[in-house]
Amino acid sequence: MIAVAVLYYLHYKGNDKKVINNPSSNVHIDSCIGAPVIAYVDLDSLNAQVTYIRNKKKELENEQQNIASEYENAYRGMENEKNNFLKRGNAITQAEAEEFQGKLMQKQQQIENSKQSRAQKLAERGAKVMEEMQAKLKAFLNEYNKDKKYTYIFATGTGLDYLFYKDSSRNITSDVIKGLNEMIDKEPK
């Protein structure tokens, strides 16, 4: 009799939570006072579907390709210069060969320094874009969460999936993508 009473109590104790269907999204919010209300955003989806992120990513990739192309062209130019010099054959003196090799090494160093400098600037620009996007995301989530009252909003994605279980009803990614795209489109260009 006591066992049945305990089972009855345990069974109905867990059902005292009310679930409210939020009309603006398919996310359900527990209304238990004091219980944390948690949601998550899938960063992979944000990267793929937020126009601002896609455009910035494309810009950075194009700049990286330009750096690589210029680097390859500079080395091809050095190779052509070396081949033209070597066409002179036996007419090249030891002093000319040493001078040419010194100039070639100096050009190579300049090319490497230029590549490294541009790559560093590109990395800094990429970090700045990430910081800007993070600030935009935080600003949006602060506004978004005024109505939702989430205690925590986590980020998940490839390489940073520290949530071992995710209830898909807590996924607010589609709301965030839509809202971020709208917010960023309204910003002055």
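Everything here concerns the structure above.
Here is a short report on the structure shown in this document.

This part covers the overall build of the chain. Of regular secondary structure, the chain possesses 5 helices and 4 strands. For the chain, the sequential pattern of α-helices and β-strands runs α-β-β-β-α-α-α-β-α. With 189 residues in all, the chain has 25% of them scored as buried. On the chain, roughly 14000 Å² of surface is accessible, and the fraction owed to carbon and sulfur atoms is 54%.

In this structure the tally under the stated criterion is 4 aromatic pairs. Against the face of Y71 rests K115, its NZ or CZ located 4.0 Å from the ring centre. Here the guanidinium or amino end of K136 rests over the ring plane of Y52, the centre of that ring lying 5.1 Å away.

This paragraph deals with the pattern of salt bridges. Scanning the model with the defined rule gives 12 salt bridges in all. Salt-bridge contacts for K56 lead to E59; the nearest nitrogen and oxygen are separated by 3.8 Å. Placement of both K56 and E59 in helix α3 (residues 51-86) is noted, with a separation of 3 residues, approximately one turn of the helix. For E59, a relative accessible area of 37% gives the class partly exposed. One salt bridge in this structure joins K146 and E143, with 3.1 Å as the shortest N-O distance.

What follows is about α3. With 36 residues, α3 extends 52 Å between its outermost C-alpha atoms, agreeing within 8% with the 52 Å of an ideal straight helix rising 1.5 Å per residue. Three or more residues of α3 are buried, namely Y52, I53, L60, I67, M78 and F85. Those residues of α3 hidden inside the fold are in contact with α2 (43-49), α4 (94-148) and α5 (173-186).

In this structure, L46, V50, L141, I172, V176 and L180 are the most contacted members of the largest nonpolar core, which totals 18 residues. Sorting the residues of this core by element identifies β3 (38-42), α3, α4 and α5 as the ones contributing at least two each. Sort the elements by how many residues they give to this core and α4 lands first, with 5 residues. Residues contacting V50, with those up to four places away along its chain left out, are S45, I177, L180, N181 and I184. In this structure, M78, I92, F100 and I111 belong to the second largest nonpolar core, which totals 6 residues.

On to the environment of A139. As for its placement among the helices and strands, A139 is situated in helix α4. On the basis of relative accessible area, A139 is assigned to the partly exposed category, the value being 42%.

Turning our attention to the packing of α3 against α4. Two elements in contact, α3 and α4, have axes whose closest approach is 11 Å; the angle formed by their N-to-C orientations is 180 degrees. As the angle between them shows, α3 and α4 are arranged roughly antiparallel. For the contact of α3 with α4, a count of residues per class yields 17 nonpolar, 4 polar and 14 charged.

Two faces, one strand: in a regular strand the side chains alternate between the faces of the sheet. Taken across its 5 residues, β3 has 4 buried, putting it largely inside the fold. Here β3 runs beside strand β4 (residues 152-156); their pairing, made up of 5 bridges, is parallel. In the sheet register, D42 faces β4, and the bridge partner there is T156.

Calculation notes
- Residue positions are counted from 1 within each chain, in the order its sequence is given.
- Given that this is a predicted model, residues contribute local features only at a pLDDT of at least 70 and side-chain atom pairs are listed and counted only at 80 or more, while totals for whole chains, interfaces and linings are drawn from all residues.
- Heavy atoms from the whole structure form the basis of all side-chain values; hydrogens and water molecules are not counted.
- A run of DSSP states H or I qualifies as a helix once it reaches four residues; a run of E qualifies as a strand once it reaches two. Both are numbered from the N-terminal end.
- The buried label applies to any residue whose accessible area, calculated with a 1.4 Å probe on protein chains only, is under 20% of its type's maximum; exposed applies above 50%, and partly exposed to all values in between.
- Residue burial considers only the protein chains on display, and all accessible areas are found by Shrake-Rupley using a 1.4 Å probe.
- Two aromatic rings from Phe, Tyr or Trp, using only the six-membered ring of Trp, form a pair when their centres are within 6.5 Å; if the ring planes differ by under 30 degrees the pair is stacked, by over 60 it is edge-to-face, and anything between is tilted.
- Charge-over-ring placement is defined geometrically: NZ (Lys) or CZ (Arg) within 6 Å of the ring centre, and within 35 degrees of the ring normal.
- Whenever a carboxyl oxygen of Asp or Glu lies within 4 Å of a side-chain nitrogen of Lys or Arg, that contact is scored as a salt bridge.
- An expected span of 1.5 Å times one less than the residue number is assigned to each helix.
- Throughout, a contact is declared for two residues whenever any of their heavy atoms are within 4.5 Å.
- For our purposes a nonpolar core is just a set of buried Ala, Val, Leu, Ile, Met, Phe, Trp, Tyr and Cys residues, chained together by side-chain atoms within 4.5 Å.
- The convention used is that axes are lines fitted to C-alpha atoms, helices contributing only their stretch in contact, and that angles between N-to-C directions extend from 0 to 180 degrees.
- Throughout this description, any angle smaller than 35 degrees is read as roughly parallel, any larger than 145 degrees as roughly antiparallel, any in the 65 to 115 degree range as roughly perpendicular, and the remainder as oblique.
- Each residue gets one label: Ala, Val, Leu, Ile, Met, Phe, Trp, Tyr, Cys and Pro are nonpolar, Asp, Glu, Lys and Arg are charged, and the others, such as Gly, are polar.
- Between any two strands, pairing holds if DSSP finds at least two bridges.

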